[in-house]
Amino acid sequence: MIQNINRLLAALLACGLLNACAAPRRPAAPVVSAEQQRQQKADQALREWLVLYQRYQGMSPAELAKEATRLGELKRSETVQVQQVMVWSQLRGPGDLARAVQQGDELLKRAESASWRPLLQVLQTQWQQQRKQEEQVDRVNAQWKDEKKRADQLNDKLEGMKAIERSLAPKPLPTPEASR
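What counts, and where the lines are drawn
- Once a new chain begins, its residue numbering starts again from 1 and follows that chain's sequence as written.
- Confidence filtering applies because this is a predicted model: local features only for residues at pLDDT of at least 70, side-chain atom pairs given and counted only at 80 or more, and all residues used for totals across whole chains, interfaces and linings.
- With hydrogens and water excluded, all non-hydrogen atoms of the structure serve as input to the side-chain values.
- Among buried residues, those of type Ala, Val, Leu, Ile, Met, Phe, Trp, Tyr and Cys that are joined through side-chain atoms within 4.5 Å constitute a nonpolar core.
- For each residue, the accessible area found with a 1.4 Å probe, counting protein chains only, is set against the maximum for its type, and the residue is called buried under 20%, exposed over 50%, and partly exposed in between.
- Working definition: helices are DSSP H or I runs of at least four residues, strands are E runs of at least two. Numbering for both runs from the N terminus.
- For this analysis, residues touch if any pair of their heavy atoms sits within 4.5 Å.
- Whenever a carboxyl oxygen of Asp or Glu lies within 4 Å of a side-chain nitrogen of Lys or Arg, that contact is scored as a salt bridge.

**Details of the nonpolar core**
W49, Y56, M86, W116, L120 and W127 are the most contacted members of the largest nonpolar core, which has 25 residues in total. Those elements giving two or more residues to this core turn out to be α2 (34–57), α3 (61–73), α4 (78–91), α5 (96–110) and α6 (117–168). With 6 residues, the single largest contributor to this core is α4. In this view, Y56 contacts L64, E67, L71, Q83, M86, V87 and Q90; residues no more than four positions away in its chain are not counted.

Structure (structure tokens):
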């Protein structure tokens, strides 16, 4: 009986040693929850939107115009509309930024859980601030033009007064030599 137990212990010890010599086990893959998978997909989609926006920032006005035309010809989905908003924000033509902000607001009101929503929210804030600054620059430029016009009018009046003053200056008296 003791011999059987010794044999059994020796066999178990041999199995343990053989198991220790075997290739190391790989750690089990971390278990990813459904929420983590959803977040990873959302992060990837957001990165793709950001890459697209950066691509639009690097385009020339002619390339942006072509892209706007191309997007205008596509079926009007939310994805296409977001791309249009991004292109309009880069065009810098009269009313393009205002159109981008307005369309972006409409998209944000309609879409609750779109992959582009976080990026568009950040961009909307930036574009609204930029639009306010552009409006302020326009107001300052209009004031400057008014002041310049006023200064030009005052300068014209001053030149007119100088001309009147010159015409009123006494004429020199004839010299006695000139009368002979």
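Structure shown, so let's carry the discussion forward.
**A look at the environment of R92**
Mapping R92 onto the fold places it in the loop between α4 and α5. Classification of R92 as partly exposed rests on a relative accessible area of 47%. Those residues in contact with R92 that sit more than four places away from it in its chain are L97 and Q130.

**A short note on the side chain of Q103**
Mapped onto the elements of the fold, Q103 is located in helix α5. The exposure class assigned to Q103 is buried, which follows from its relative accessible area of 9%. Setting aside anything within four residues of it in sequence, one finds Q103 in contact with R76, Q81, V85, W88 and R110.

**Considering the pattern of salt bridges**
Two side chains that carry opposite charge are able to pair once their charged atoms sit near each other. Enumeration according to the criterion identifies 8 salt bridges in this entry. In this structure, R70 and E67 form a salt bridge, with 2.7 Å as the shortest nitrogen-oxygen distance. Within this pair, R70 and its partner E67 are both found in helix α3, separated by 3 residues, close to a single helical turn. Under the relative-accessibility criterion, E67 is labelled buried at 8%. For D96, the salt bridge identified is with R99, shortest N-O distance 2.9 Å. With D96 and R99 both in helix α5, this residue pair falls 3 residues apart, about one helical turn. A relative accessible area of 36% places R99 in the partly exposed class.

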